[in-house]
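Listed below are the residues making up each chain.
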Amino acid sequence: MSIHEELWRRFQEGDPRALARALTLVESGHPVGRELLKRVRGKGRAKVVGVTGSPGAGKSTLTDRLILEARKRGERVAVLAVDPSSPFSGGAILGDRIRMMRHHQDPGVYIRSMASRGALGGLAGATVAALSLLEAFGFDRIFVETVGVGQSEVDIARVADTTLLVLTPAAGDAVQAFKAGVMEIADVFAVNKFDLPGGERIVQELKSALELSPPRPGGWRPPIHPTVAASGEGVEALFESLEAHHRHLVEHGLLEAHRLERARFEVESVIQEWGRQRTQGAGALVARVARGELTPEEAALALLGPGPEAEEGAL
């Protein structure tokens, strides 16, 4: 039996070490990882919750509490914590795992940190591929906690079924979220650290902002939950809203569209990564752009081949 087949057998048997190995192979772009992905696509139907918000909003602590709520209901839970990469080593900063160490001995919880490796939207390029593996492994709910990097954070909405935006009473937090466009993609809001001054004010700001935002698919109205993650206050009600949104997606036939958008995001991520890799090794071509000898579009065509216009003309 090949190493590939042995890994697949152990994965199907539910060996967490096989899952860890498979995730590593996928994240590194190894051919064995790609072959495994082809086998697992479409297997499993986890509820995927994206947790996003500005740095310091308490996303990891809140996710830790949400894990407890899911486990109370008998769900098997996985967490993908997408950490900022070191620009030198490419490694992830593992603060999220430290905050969730209480679940270390629980076989029903699996936590994995992934390095964003410079991905523009705060999501690692392999995030969606990792989701497919975790779903096929049999997890009922997957939390994807993202790097809080501002406007391009909206990518999480293309990957998750439900997007949870975590804000705090910090000055201008709601206004900044509104400016960044993150308000429009959040399905559920948590005003965390609500015990700090200004909590009621930010709730009112959110309500006012939501009145101006466009209607959501199926008429969903995003709820706002005050929480204190450190003590667990408000977390049960927040979890119930995550459940309500998933039921809304099912009742209105919106889940399949989410899955298609997730696949589209994954393909775009691969194209983006290929472009980044090829550009790094094309110093002479980039220098010609800098001197005005080539347009960026001409350089891109030289690196990546015919663009969409050329393909359409060939059809």
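This text gives an overview of the structure that appears in the document. Just so you know, these numbers come straight off a predicted model, no measurement behind them. (Residues numbered from 1 in each chain as written. Predicted model: local features only at pLDDT ≥ 70, side-chain atom pairs only at ≥ 80, totals over all residues. Heavy atoms only, no water.)

Thoughts on the packing of aromatic side chains
Okay, so step 1: Here the structure, examined in full by the defined rule, presents 4 aromatic pairs.
Okay, so step 2: Where F11 meets F137, the ring centres are 5.3 Å apart and the plane angle is 65°; that geometry is what we call edge-to-face. Taken together, the positions of F11 in helix 1 (residues 3-12) and F137 in helix 6 (residues 127-137) put the pair 126 residues apart, joining distant regions of the chain. The same class applies to F11 and to F137, which are both buried.
Okay, so step 3: Arranged with centres 6.2 Å apart and planes meeting at 40°, the rings of Y110 and F139 form a pair that is tilted. Of this pair, Y110 sits in strand 3 (residues 109-115) while F139 sits in the loop between helix 6 and strand 4 (141-145), and the two are 29 residues apart along the sequence.
Okay, so step 4: The buried category is assigned to Y110, whose relative accessible area is 14%.
Okay, so step 5: In this structure F139 comes out as buried when scored by relative accessible area, which is 4%. (Phe/Tyr/Trp six-rings, centres within 6.5 Å; stacked < 30°, edge-to-face > 60°. Helix = DSSP H or I, 4+ residues; strand = E, 2+ residues; numbered from the N terminus. Buried < 20%, exposed > 50% of the residue type's maximum accessible area, 1.4 Å probe, protein only.)

As for the side chain of H248
Okay, so step 1: With respect to the helices and strands, H248 occurs in helix 10 (residues 235-251).
Okay, so step 2: A distance of 2.9 Å separates a polar atom in the side chain of H248 from the backbone oxygen of P217.
Okay, so step 3: Other than its neighbours up to four places away in sequence, H248 contacts P217, G218, G219, W220 and L254. (Polar contact = N/O pair within 3.5 Å; in protein donor to acceptor, adjacent residues only side chain to side chain. Contact = heavy atoms within 4.5 Å.)

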